[in-house]
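Observations on the model geometry
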Amino acid sequence: MTIQTVAVITGGSSGIGAATARLFAARGHAVAVLDVNRERGEKLAASLAAGGAARFYECDVADAKAVDAVAAQVGKDLGPAGILVTSAGLIPNTESIMDMDMQAHERMWQVNYNGTVHACRSFGRQMIARKRGAIVTLGSINSLLPLPLPAYNPGKAAIARLTQLLAVELGRHGIRVNSVGPTYVMTETLQARVDAGLRDLNKIMAVHALDTLPGPEDIAQAIAFLCSAEARTITGVLLPVDSGWLAGVSYKTYAGGVPWTD
Ligand SMILES: NC(=O)c1ccc[n+]([C@@H]2O[C@H](COP(=O)([O-])OP(=O)(O)OC[C@H]3O[C@@H](n4cnc5c(N)ncnc54)[C@H](O)[C@@H]3O)[C@@H](O)[C@H]2O)c1
């Protein structure tokens, strides 16, 4: 298999990031997995490397200098990034602004928002040098409507705006920047929260148009599309991958009910 562009995935050790790393590796890309979870990341990279080139890099995306250093190392080991997916993130539980822990709030902004900025700067510079590239940031249904997650929710809205800013700033260098906005994705992290009673699966399903949630592989497919030549004129967009959550969340909670009984 010919080695395609280098694909860099932050938060690639698990969930959506891991599924994306697997998909890009299967399509012949050299893959750099950046994550704080060394054990899982090394295991994944080893399994991907069997079919091509894949490496794990331990990196806290909240640390701008660390991301810069890893970007330089990836450049040396695998070559400059052609694709960047920023999947590293912390996922919180319901809380109020009045009672939230401010240290946890700060950390979430540092990882989710600043971490996205850091990765886009460090790897974006490699793309600028080559005058091509595709970046996909991880948004959410939280990017579009309010949910009681006071650091996470506005952080995802900020990432959507950042994506637009970057799309314009980097468009003149031939780099496209888009975002995906998943609904609840059945990752191990979400499953654990459902099991712990922190997410109610019946409530979740009641407001979707479809009766099935996306898995990490579905999000990976949307990301791969946005990075592909088929999407060559798509930039600055937030693509919901949401089983109809955006359409259903107001419709299905209408006070007059829904026009069917079954
Ligand atoms: N699962 C969902 O329902 C869902 C829905 C919408 C959006 N998202 C977004 O998708 C992205 C991935 O989420 P996921 O569901 O795959 O979660 P996940 O917990 O399975 O994966 C997140 C990864 O990020 C890594 N990470 C955390 N902090 C980091 C840091 N400081 N530096 C580097 N890596 C770090 C974790 O170790 C983990 O491997 C997140 O941005 C999340 O907000 C998830």
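Residues numbered from 1 in each chain as written. Predicted model: local features only at pLDDT ≥ 70, side-chain atom pairs only at ≥ 80, totals over all residues. Heavy atoms only, no water.

1. Some thoughts on the pattern of salt bridges
Under the defined criterion, the tally for this structure stands at five salt bridges. For Arg38, the salt bridge goes to Glu42, with nearest N and O atoms at 2.4 Å. Note that Arg38 and Glu42 are positioned in helix α2 (residues 38-49) at a spacing of four residues, about one turn of the helix. Owing to a relative accessible area of 38%, Arg38 belongs among the partly exposed residues under this scheme. Across the pair Glu58 and Arg38 runs a salt bridge, and its minimum N-O distance is 2.6 Å. Of this pair, Glu58 sits in strand β3 (residues 54-58) while Arg38 sits in helix α2, and the two are 20 residues apart along the sequence. When its relative accessible area of 44% is taken as the criterion, Glu58 is described as partly exposed. (Salt bridge = Lys/Arg side-chain N within 4 Å of Asp/Glu carboxyl O. Helix = DSSP H or I, 4+ residues; strand = E, 2+ residues; numbered from the N terminus. Buried < 20%, exposed > 50% of the residue type's maximum accessible area, 1.4 Å probe, protein only.)

2. So, the environment of Asn153
Mapped onto the secondary structure, Asn153 falls in helix α5 (residues 152-171). You can call Asn153 buried: its relative accessible area is 11%. When the C-alpha atoms of Asn153 and Thr10 are compared, they prove to be 20 Å apart, with 143 residues separating the residues in sequence. Ignoring sequence-local partners within four residues, the contact set of Asn153 consists of Asn142, Leu145, Pro146 and Leu147. From its side chain, Asn153 meets the backbone oxygen of Leu145 in a polar contact 3.0 Å long. (Contact = heavy atoms within 4.5 Å. Polar contact = N/O pair within 3.5 Å; in protein donor to acceptor, adjacent residues only side chain to side chain.)

3. Focus on the site of the ligand
Of all residues adjacent to the ligand, which total 29 residues, the nearest are Ser14, Ile16, Asp35, Tyr152 and Val185. With respect to the ligand, the side chain of Ser14 contributes an N or O atom lying 2.8 Å from an oxygen atom. Elements with a minimum of two residues in the shell around the ligand: α1 (15-26), α4 (102-130) and α5. Classifying every residue of the shell around the ligand gives 13 nonpolar, twelve polar and four charged. (Near = heavy atom within 4 Å. Nonpolar A, V, L, I, M, F, W, Y, C, P; charged D, E, K, R; others polar.)

4. Things to note about the pairing of strand β5 (residues 133-138)
Burial analysis of β5 places six of its six residues in the buried class, which makes it a mostly covered element. A two-sided burial pattern is seen for β5, the buried positions comprising Gly133, Ile135 and Thr137 on one face and Ala134, Val136 and Leu138 on the other. Both strand β4 (residues 81-86) and β5 contribute to a ladder of four bridges, which runs parallel. Within the sheet, the bridge partner assigned to Ile83 lies in β5 and is Ala134. For the handedness criterion, the β-α-β arrangement of β4, α4 and β5 is classed as right-handed. Here six bridges tie β5 to strand β6 (residues 175-182), and the two strands are oriented parallel to one another. (Pairing = 2+ DSSP bridges. Right-handed = clockwise from strand over helix to strand, strands pointing away.)

5. Re the side chain of Ser140
Locating Ser140 in the fold gives a position in the loop between β5 and α5. Judged by relative accessible area, Ser140 falls into the buried class, the value being 4%. Within the structure, Ser140 has its side chain in polar contact with the backbone nitrogen of Asn142 (distance 2.8 Å). With sequence-adjacent residues up to four places away left out, Ser140 is seen in contact with Tyr152, Lys156, Val180, Gly181 and Pro182.

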